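# Report on the structure
Letter by letter, the chains look like this.
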Amino acid sequence: MTAGTTHGAVVFPFLTLLIVIPAVTALAVAAMPRALGERGQRIAVEAVGTAGSLATLALAIVVAVRFRLHDGGYQMVSRHQWAPSLGVSWHLGIDGISLFLVLLAAVLFPLALLGGRVRRDPRSYVMWLLLLEAGCIGSFVALDLILFFVFFEVTLVPVYFIIAGWGFARRSQAAIKFFVYTFLGSALLLVGIVAVAVVHQRQTGTLTFDLGVLQHTHLGLATQILLFLAFTAAFAVKAPIFPFHTWSPDAYAESPTAGVVVLSAVMAKLGTYGIVRFDLSLFPRAVVDLAPLFLTLGVIGILYGAIVACVQRDLKRLMAYSSLAHIGFIVLGTFALTTQALTGGVLQMVNHGLVTAALFLLIGWIHQRRRSWQTSELRGLQRPAPMMAAAFTVAMMASIGLPGLNGFVSELLILLGTFLTHRWWAVVATTGVVLAALYLLWAYQQAFHGTPRPDAAATRDLTWSEGAVIVPLVALIVFLGVYPKPVLDRITPTVDQLVTHVEQATGTRQPRVATVGSSSASPARTSSPARTSSPARTSSPARTASPARTSSPARTSSTGRMP
């Protein structure tokens, strides 16, 4: 069974409700009367918005509890005809890859609402955030390409209005730049989606946009490469991946606190998730052929983001370039095409979301107190605000990759898995870990150490409400660093099936050691000869065979693996 295989539908529509609850709450917030007065309306809007997002979180936790362990297929599937004549359906499903991204979104949106309150027009602000939550969760669970595209595009509108309406001095330019970049990328994605469906219709006579069906479409290598580039252009902009990142420093710097939290921690993962979910499923031969190119872009992103962060004096811009470096690690793990590296890449999406959310929340609260993000003007914060300094230290060390915190686990898996197949890329990427320690420790020293100015000596420490927001993030950062097994046990079976799908389609093999310790490793997999996968693997006989690669005798056992 490949990663695109679905289980039977369940009676209760868990996944549909995960989308409907924040969307309906957004409509309820928008319909609230203005007669309550400014203060009354703000309290009511925040209460309703928070209640809706917490209800979404509660349902997401139920989904996680009901999720079957060691099952790599889609679960809790909901499928209904939407536009049968166009081949479009309401098709939702969740697997080990999407499960924790849904949980990430469900955790961070209520924390962003509570930690990034605004005074001006809170009704519109909360409404846009809730609509953005519905779009993000919908993107993570959609298994119909048109449905995914709808959710993928829905996210653009709330982010544009959040930046333009509640951002800082250059918010208008940042919002327009964000929208134009992402909208142009999405146009290519739509062309690619339609092209895949049309090719499938010509081969089978059936028009469909169902991922599980389309991944069995026979595509020539040139066609796969062109469609892969069309899909990945949209995903690379959204992530953002070097060199499609130029909108992100401005957007991150000019966004309000809640906006930058969800933009960097959740919405950016739509891009990396899209590559894992759609590119590896639909275009495996193109992924293998272009892997060296994207591994190189990932490494450049790691080094470029770290080097530029080293010279930043603005904390928000420093974090923007730090995020670019961490996205580079996700790209590295994805295109290494080993179980270890891809598992680490998926885990890094979650870990980076938690760490960057914590840091941007703390930076936002620092700005509220000191009206500046410049490290030169924030000297001595540790003395009047020790709890804030402690929380910042934990998040900063997790971003560096300190053992015992969540960033270490995912980066280690990525580097180990990449070293098995593309060792020099892994060696160079390790430099990014060293540079991360350099710029983050330097920024911490500049902002928190030293003697504060007289006018800053009474800077307020974390309040009880701010502590209630940051403590869950710190707890998750520590928990995933100390005991990541529950997460890895659910991610690895799906990743293992996805890597197997790529291997069957291309004839390539990952080294045997890449699956040692995998929760889904089978005797057939671990007893096979040592597998080889090198940058030069495109010249092997298995890579020059016809598209019907799975028909070779060695690949037609009942398990889909080598006998």
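Residues numbered from 1 in each chain as written. Predicted model: local features only at pLDDT ≥ 70, side-chain atom pairs only at ≥ 80, totals over all residues. Heavy atoms only, no water.

## Some words on the overall build of the protein chain
Of the regular secondary structure elements, the protein chain holds 21 helices and 2 strands. Sequence-distant contacts, at least 24 apart, represent 80% of the contacts inside the protein chain between residues at least 6 apart. Accessible surface, the protein chain as shown: approximately 20,200 Å² in total, 68% of it carbon and sulfur. (Helix = DSSP H or I, 4+ residues; strand = E, 2+ residues; numbered from the N terminus. Contact = heavy atoms within 4.5 Å. Areas by Shrake-Rupley, 256 points an atom, 1.4 Å probe, with all protein chains shown as cover.)

## Notes on helix α1 (residues 14-30)
Over its 17 residues, α1 runs 25 Å from end to end, which matches the ideal 24 Å to within 8%, given 1.5 Å per residue. Along α1, the residues that are buried comprise Phe14, Leu15, Thr16, Leu18, Ile19, Pro22, Thr25, Ala26 and Val29. For α1, the elements touching its buried residues are α2 (38-66), β1 (75-83), β2 (88-94), α3 (96-115), α4 (122-141) and α5 (145-154). (Expected span 1.5 Å × (residues − 1). Buried < 20%, exposed > 50% of the residue type's maximum accessible area, 1.4 Å probe, protein only.)

## Quick word on unusual backbone geometry
Cis geometry marks the peptide bond from Ala239 to Pro240; its omega dihedral reads -5 degrees. Its location among the elements puts Pro240 in the loop between α9 (221-238) and α10 (248-254). Following Phe242, the chain continues to Pro243 via a peptide bond in cis, the omega torsion being 5 degrees. Of note, the phi angle at Arg371 is positive, near 55 degrees, even though the residue is not glycine. Here Arg371 shows up in the loop between α15 (339-370) and α16 (386-400).

## Re the environment of Gly52
Tracing the backbone shows Gly52 in helix α2. The class for Gly52 is buried, based on a relative accessible area of 6%. Along the primary structure Gly52 and Thr25 are separated by 27 residues, whereas in three dimensions their C-alpha atoms are 5.7 Å apart. Beyond its immediate chain neighbours, meaning those up to four positions away, Gly52 contacts Ile21 and Thr25.

## Remarks on helix α19 (residues 464-482)
The end-to-end C-alpha distance of α19 is 26 Å, a good match for the 27 Å that 19 residues give at a rise of 1.5 Å each. Of all bends in α19, the biggest is about 25 degrees, found at Ile470, and the proline Pro472 comes one to four residues later. For α19, every residue scored as buried is listed here: Glu466, Gly467, Val469, Ile470, Leu473, Val474, Ile477, Leu480 and Gly481. Its buried side turned inward, α19 meets α3, α15, α16, α17 (406-421) and α20 (485-506). (Bend = angle between axes of the 7 residues up to and from the residue.)

## Some details on the packing of aromatic side chains
Enumeration according to the criterion identifies 28 aromatic pairs in this entry. When the ring of Phe479 is compared with that of Tyr483, the centres are 6.1 Å apart and the planes differ by 75 degrees; the resulting orientation is edge-to-face. Accessibility expressed as a relative area gives 41% for Phe479, which makes it partly exposed. Residue Tyr483 is classed as partly exposed on the basis of its relative accessible area, which comes to 43%. Taken together, the ring pairs connect Phe148, Phe152, Phe231, Phe235, Phe278 and Phe283 into an aromatic cluster. Of note, Lys238 hangs over the ring of Phe152, and the distance from its end group to the ring centre comes to 4.0 Å. (Phe/Tyr/Trp six-rings, centres within 6.5 Å; stacked < 30°, edge-to-face > 60°. Lys NZ or Arg CZ within 6 Å of the ring centre and 35° of its normal.)

## Some remarks on the pairing of β2
Counted residue by residue, β2 has 6 buried out of 7 residues, so it is predominantly covered. Two successive antiparallel strands, β1 and β2, enclose a turn made up of 4 residues, where Gly87 displays a positive phi of approximately 75 degrees. (Pairing = 2+ DSSP bridges.)

## Here we look at the pairing of β1
Relative to β2, β1 runs antiparallel, the two sharing 6 bridges. Bridge pairing links Ala83 to Val88 in β2.

## Here we look at the pattern of salt bridges
Pairing between side chains becomes possible if they bear opposite charge and their charged atoms approach one another. One pass over the full model with this rule turns up 9 salt bridges. A salt bridge links Glu46 to Arg117; its shortest N-O distance comes to 3.2 Å. Here the residue Glu46 occupies a position in helix α2, and Arg117 occupies one in the loop between α3 and α4, the gap between them amounting to 71 residues. A residue is classified by how much of its surface remains accessible, and Glu46, at 19% relative accessible area, is buried. (Salt bridge = Lys/Arg side-chain N within 4 Å of Asp/Glu carboxyl O.)

## Observations concerning the side chain of Thr494
Take Thr494: it is sitting in helix α20. Of the residues examined, Thr494 reaches a relative accessible area of 0% and is grouped as buried. A polar contact of 3.1 Å, which involves the side chain of Thr494, links it to the backbone oxygen of Gly72. (Polar contact = N/O pair within 3.5 Å; in protein donor to acceptor, adjacent residues only side chain to side chain.)

## Structural notes on the confidence of the model for the protein chain
The predicted coordinates should not be examined in detail at positions where pLDDT is low. With 89% of its residues at a pLDDT of 70 or more, the protein chain shows a mean pLDDT of 85. Across residues 1-10, where pLDDT falls below 50, the model places 29 contacts with residues more than four positions away in sequence or in other chains. (pLDDT = per-residue confidence, 0-100.)

## Topic: the environment of Val191
Along the chain, Val191 turns up in helix α7 (residues 171-204). On the accessibility criterion, Val191 (56% relative accessible area) is exposed. The sequence separation of Val191 and Ala230 amounts to 39 residues, and the corresponding C-alpha distance is 7.4 Å.

## Details of a nonpolar patch on the surface
Taken together, the side chains of Ile176, Val180, Tyr181 and Leu184 present a nonpolar region at the surface, about 360 Å² in accessible area. Mapping Ile176 onto the fold places it in helix α7. Residue classification places Ile176 among the partly exposed residues on the basis of a relative accessible area of 47%. (Patch = residues over 30% accessible without salt bridge, like charges linked within 9 Å, V, L, I, M, F, W, Y side chains within 5 Å.)

## Regarding the environment of Thr334
Looking at where Thr334 falls in the secondary structure, it is placed in helix α14 (residues 315-335). Leaving out residues up to four positions away in the same chain, Thr334 has contacts with Ile275, Val276, Leu280 and Leu342.

## Observations concerning the packing of helix α12 (residues 269-282) against α20
It is at 9 Å that the axes of α12 and α20 come closest, and there the two elements cross at 30 degrees. Relative to α20, the element α12 lies roughly parallel. Our pair here, α12 against α20, has a crossing hand that is left-handed. Where α12 abuts α20, its residues Val276, Leu280 and Ser281 lie against Leu498, His501 and Val502. When grouped by side-chain class, the residues that make up the contact of α12 with α20 number 4 nonpolar, 2 polar and no charged. (Axes fitted to C-alpha atoms, helices over the stretch in contact; angles between N-to-C directions. Parallel < 35°, antiparallel > 145°, perpendicular 65-115°, else oblique. Left-handed = near helix turned anticlockwise from the far one by under 90°. Nonpolar A, V, L, I, M, F, W, Y, C, P; charged D, E, K, R; others polar.)

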